[in-house]
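# Coordinates in review
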Amino acid sequence: MRKTILNLLLFILFAVSVSGQHLAPGYGEADPVWLEQLLYRGVEWRPRMTVAEGNEFFMADAWLDGTVTLHGLTFTGMKLRYDIFNDRLVILWKDIQALVVSSDEVDAFSIGYGASARRFINLRDDYRGISGFAEVIYKGSSMVVARHIKVIGKNTSMSSYAQFRENTHYYLITGGNGLQIRNRGSFLNMLGVHEAEVKRYVRQNHILVGRSSPEGFGVAAEYYDSLVKGAEVKN
C-alpha cells in the first residue's frame, strides 16, 4: 500500500512539474527520465529518398550542436539535423539512433550557439499563407522569416538521376498573414502607407535589402514597426 501511494505521489509530482515547465531552472542537467519522456519518444528517422544525390538536411548531413524547446522548456547540448525535405527535426539519441521529434511538440530550436546561431520557430497554423518551421530573421510586432525547403530535381549533368535542390522563401508576417517576399520591390509594397519612409531610411543608411542580403529585410521591418508604433501613439 505504501509503495502504491509513493508511486502515485511521484506521478503527481512529475505531472505538476511538466505543467510548470517554464519555471524549471537549469533544465539542461535534468534527470535522464525527463529527457526520455520529453525528447526521445519519437519514431526512428529513415530516409525517404535513397537514390537522390545529396541529402535532405539543412546546412549539412552531419550532426550539428544546438538547442530544442518543447512545451516551453529549452534543452541545450543537443545533436540535431533539420530535415527540410520533410520539415522534420531529428535528434540523436545516445549517439546511436536518429529520432524524429513530433513537430506538434517542438516550439523552437536553434543550430549553433551565440550570435551565430540559426534560430527556428514552429509557426504551426497560426498565420495564413505559411506554416511549419521557419528561420527567424527578425521578430518584433511583425516578423521576417525564411522557409528552407529541399525538393527532388533532375541532375543537369545526368538526365536520368535525381538530386536534392534547396530553395529558400522569405516571408513578412504581419496582421496574422504570411506574405511571401519575392524581391525588394514586393517587400516594400507590403509596407503600405509607410513604404516611402522605409525606402528613404534604407537608402539613407545604405542598407542592402534583397534575397542576397535577407538580414536587410529584418532591419527594414524593425524600422517599419517603429513607424507603426509611432503612428499608434499619435492617435
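Relevant structure appears above.
What you see is a predicted model; the values in this text were computed from it and never measured.

### Regarding the environment of glycine 153
- By the secondary structure assignment, glycine 153 is in strand E9 (residues 143–154).
- On the accessibility criterion, glycine 153 (15% relative accessible area) is buried.

### Looking at the nonpolar core
- Val68, Tyr82, Phe109 and Ile111 are the most contacted members of the largest nonpolar core, which has 19 residues in total.
- Contributing elements (two or more residues each) for this core: strand E2 (64–70), strand E3 (73–83), strand E4 (88–93) and strand E6 (106–111).
- Top element by residues in this core is E3. It accounts for five residues.
- When residues no more than four places from it in sequence are discounted, the contact partners of isoleucine 111 are Phe58, Met59, Leu64, Asp65, Gly66, Tyr82, Ala117, Arg118 and Phe120.
- The next biggest cluster of nonpolar side chains, apart from the first, holds 18 residues, and it includes Val144, Tyr170, Val198 and Phe217.

### What about the packing of aromatic side chains?
- Under the counting rule described, the total for this entry stands at 12 aromatic pairs.
- Between tyrosine 82 and phenylalanine 120 the ring centres are 5.3 Å apart and the planes differ by 70 degrees, which places this aromatic pair in the edge-to-face class. Note that tyrosine 82 is positioned in strand E3 and phenylalanine 120 in strand E7 (residues 118–122), a separation of 38 residues in sequence.
- Here the aromatic residues Phe58, Tyr82, Phe109, Phe120 and Phe133 are joined through ring pairs into a cluster of three or more.
- If you follow arginine 81 out to its NZ or CZ, it ends over the ring of phenylalanine 57, 5.0 Å from the centre.

Rules behind the numbers
Residues numbered from 1 in each chain as written. Predicted model: local features only at pLDDT ≥ 70, side-chain atom pairs only at ≥ 80, totals over all residues. Heavy atoms only, no water. Helix = DSSP H or I, 4+ residues; strand = E, 2+ residues; numbered from the N terminus. Buried < 20%, exposed > 50% of the residue type's maximum accessible area, 1.4 Å probe, protein only. Core = buried A, V, L, I, M, F, W, Y, C linked by side-chain atoms within 4.5 Å. Contact = heavy atoms within 4.5 Å. Phe/Tyr/Trp six-rings, centres within 6.5 Å; stacked < 30°, edge-to-face > 60°. Lys NZ or Arg CZ within 6 Å of the ring centre and 35° of its normal.

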